[in-house]
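One-letter residues, chain by chain:
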Amino acid sequence: MLGSGYFGAVTGTGRATVRPQARVREVLMLKEVTCLCGWVARGTDDEVVEELTRHAWEDHGVRKTREEILANAVPIDVPGDAPRS
């Protein structure tokens, strides 16, 4: 290869090899669960389950199973480089 750039490389034969190198953004599949009191948990399945389990017990004296929590979870899309709340 004689040179390379954003769109590809120039080979010794004088032909350009086109290789688009567009940046691909990762999308995280996160969940969101809103408690009846208005408290919100966002994160991966494990994060949401951990947060809501703690919230339900500490604030309401209720124990919830993983299945109960995830049954009420709503998927949200967040770009991979966006801050998570």
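In case you missed it, the structure is sitting above this.
Overview of the structure. Model, not experiment: these values are computed from the prediction.

### Details of the overall build of the chain
Here's step 1: Per the secondary structure count, the chain includes 2 helices and 6 strands.
Here's step 2: Counted from the first residue to the last, the chain has its helices and strands arranged as β-β-β-β-β-α-α-β.
Here's step 3: Counting all 85 residues of the chain, 18% fall into the buried class.

### Examining the environment of C37
Here's step 1: In this structure, C37 sits in the loop between β4 (27-34) and β5 (40-43).
Here's step 2: Residue classification places C37 among the partly exposed positions, given a relative accessible area of 47%.
Here's step 3: Separated by 23 residues in the primary sequence, C37 and H60 have C-alpha atoms spaced 9.5 Å apart.
Here's step 4: Ignoring any residue separated from it by four or fewer positions in sequence, one finds C37 in contact with H55 and H60.

### Things to note about the pattern of salt bridges
Here's step 1: According to the stated counting rule, one finds 4 salt bridges in the structure shown.
Here's step 2: Of the charged contacts, one joins D46 and R66 as a salt bridge, the two residues approaching to 3.0 Å between their closest N and O atoms. On the criterion of sequence distance, the pair formed by D46 in helix α1 (residues 45-60) and R66 in helix α2 (residues 66-71) is long-range, its members being 20 residues apart.

### Notes on α1
Here's step 1: Between its first and last C-alpha, α1 extends 21 Å over 16 residues, near the 22 Å set by a 1.5 Å rise per residue.
Here's step 2: Along α1, the residues classified as buried are V48, V49, L52, H55 and A56. Summarising the axial view, the buried residues of α1 lie within an arc of 140°, below the 170-degree limit, and thus occupy one face. Counted as exposed and oriented over 90 degrees from the buried face of α1: D46 and E58.
Here's step 3: Just downstream of α1, G61 is the residue with a positive phi angle, here 65°.

### Focus: the side chain of H55
Here's step 1: Within the secondary structure, H55 sits in helix α1.
Here's step 2: Of note is the side chain of H55, whose polar atom sits 3.1 Å from the side chain of H60.
Here's step 3: For H55, the residues in contact, after removing those within four places along its chain, are C35, C37, W39 and H60.

### Structural notes on the nonpolar core
Here's step 1: Within the largest apolar cluster, 7 residues are counted, these being V33, A41, V48, V49, L52, I69 and A73.
Here's step 2: When near neighbours in sequence (up to four residues on either side) are disregarded, A73 contacts K31, E32 and V33.

What counts and what doesn't
Residues numbered from 1 in each chain as written. Predicted model: local features only at pLDDT ≥ 70, side-chain atom pairs only at ≥ 80, totals over all residues. Heavy atoms only, no water. Helix = DSSP H or I, 4+ residues; strand = E, 2+ residues; numbered from the N terminus. Buried < 20%, exposed > 50% of the residue type's maximum accessible area, 1.4 Å probe, protein only. Contact = heavy atoms within 4.5 Å. Salt bridge = Lys/Arg side-chain N within 4 Å of Asp/Glu carboxyl O. Expected span 1.5 Å × (residues − 1). Arc of directions from axis to C-beta. Polar contact = N/O pair within 3.5 Å; in protein donor to acceptor, adjacent residues only side chain to side chain. Core = buried A, V, L, I, M, F, W, Y, C linked by side-chain atoms within 4.5 Å.

Just distances and angles here, no functional claims.
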